Amino acid sequence: MYVARNLSFKLLFLFAWKPLLFFFIYSSAITCLYELAGFTWLGIPFTPIGLIGTAVAFYVGFKNNSSYERLWEARKIWGSIVNLSRAFGVYVLDYIQPAEELDYNSLEEHKRIIIYRHFAFINGLRIQLRSRKVWGDDGNDPFMNIVARDTPFVNQNLLKEIKQFLHDDEAQYLNDKSNTVTHILRKQSEHLNYLFEKGCVTNYKHVEIGKIIKELYDQQGACERIKNYPFPRQYAFFSEVFVWILALVLPFGLVGELNKLGPSFVWTTIPLAVVISWLFHVMEVIGDKSENPFENSVNDIPMTSICRTIEIDLKEMLGEKEIPEKVVPVNRIIM
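Participant: Requested: an account of the nonpolar core, with residues and values cited.
Facilitator: Trp78, Ile96, Phe121, Leu195, Cys200, Phe294 and Ile301 are the most contacted members of the largest nonpolar core, which totals 52 residues. Per-element accounting of this core gives the leading share, 11 residues, to helix 3 (residues 104–129). With residues up to four places along the chain from it excluded, the contact list for Leu195 reads Ile96, Leu102, Leu107, His110, Ile114, Cys200 and Val201. Membership of the second largest hydrophobic core comes to 10 residues, among which are Val56, Val60, Val243 and Leu250.

Participant: Quick rundown of the packing of helix 2 (residues 46–95) against helix 8 (residues 233–259)? Include the residues and the values.
Facilitator: In a pair of packed helices, the angle between the axes and the distance between the axes together describe the arrangement. Between helix 2 and helix 8, whose axes approach to 9 Å, the crossing angle comes to 155°. The angle between helix 2 and helix 8 falls in the class roughly antiparallel. The two elements helix 2 and helix 8 cross, and the hand of that crossing is left-handed. Along the lines of polarity and charge, the residues of the contact of helix 2 with helix 8 split into 17 nonpolar, 4 polar and 2 charged.

Participant: Mind laying out a nonpolar patch on the surface, listing which residues take part and the relevant values?
Facilitator: Taken together, the side chains of Phe9, Phe13, Leu14, Trp17, Leu21, Phe24 and Ile25 define a hydrophobic patch exposed on the protein surface, amounting to about 740 Å² of accessible area. On the secondary structure map, Phe24 appears in helix 1 (residues 9–35). Given a relative accessible area of 46%, Phe24 falls into the partly exposed group.

What counts and what doesn't
Residues numbered from 1 in each chain as written. Predicted model: local features only at pLDDT ≥ 70, side-chain atom pairs only at ≥ 80, totals over all residues. Heavy atoms only, no water. Core = buried A, V, L, I, M, F, W, Y, C linked by side-chain atoms within 4.5 Å. Buried < 20%, exposed > 50% of the residue type's maximum accessible area, 1.4 Å probe, protein only. Helix = DSSP H or I, 4+ residues; strand = E, 2+ residues; numbered from the N terminus. Contact = heavy atoms within 4.5 Å. Axes fitted to C-alpha atoms, helices over the stretch in contact; angles between N-to-C directions. Parallel < 35°, antiparallel > 145°, perpendicular 65-115°, else oblique. Left-handed = near helix turned anticlockwise from the far one by under 90°. Nonpolar A, V, L, I, M, F, W, Y, C, P; charged D, E, K, R; others polar. Patch = residues over 30% accessible without salt bridge, like charges linked within 9 Å, V, L, I, M, F, W, Y side chains within 5 Å. Areas by Shrake-Rupley, 256 points an atom, 1.4 Å probe, with all protein chains shown as cover. Salt bridge = Lys/Arg side-chain N within 4 Å of Asp/Glu carboxyl O.

As structure tokens, then:
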């Protein structure tokens, strides 16, 4: 996620120079053919082009609204995961009490294992959501090229990550499953059942902790729905097609209209066509880059930062001394 208030000139140039150059060359060619070569028949009435522009604006607006809904829903899901994680930590630490078969020290270790397994869950979910590019993004994101893709926060190995929080045998067992994080929550339930059978958790409190696990399953499923179901391709594809059609026909309408104001005004076709075409292009790209919030792009939900926040909160609840630092932006991008 880009966190600076404004885009830097460098980023703006990387994003804009190719389409601006194309629109400039194309509109210049049409204007020169009209004015210098005498191809006045290239000028067409502007009314149909205005209608096309209006239709494209509505279409692109619909796509952008729908893309933003996917992005914002993903952020709300991870906000819910933060809240559930804090509640889960409090429940585990306060609801689980010593019993005859498990003394205080043994129980504290059980609590620590459960909390650390939760760290494996959130980080495993993050890595699974970022594990592959699904819906046709070619990866040529000029923003992400500035942030090295081999940083500690991108393209991490799932087994290596969960080994930080689990015993090696358990980590390997869970990594061999087709959906690792699903089985991490299953292990949490098994562990809590064991403590319930030992008398460390009352029936009511056991049910309450179970509800948190169920909610975590719900949020995992919501993330996977966004990840695995693409923005409808008919909207995404034709939005781009319509923007390019408008950009290609726009100079033909502008030269004729501007010529009515005088021969010297014909040359203003070039800057006007470039600006209008680029504006529509930017609107299209913004929607396109917001469709998939879990695809390792600059518009990604900052899941690494969120996971680190959860880890800090729960480790402080455990009373640990070695607390990790918060994730900081790299070149104004936080992952």
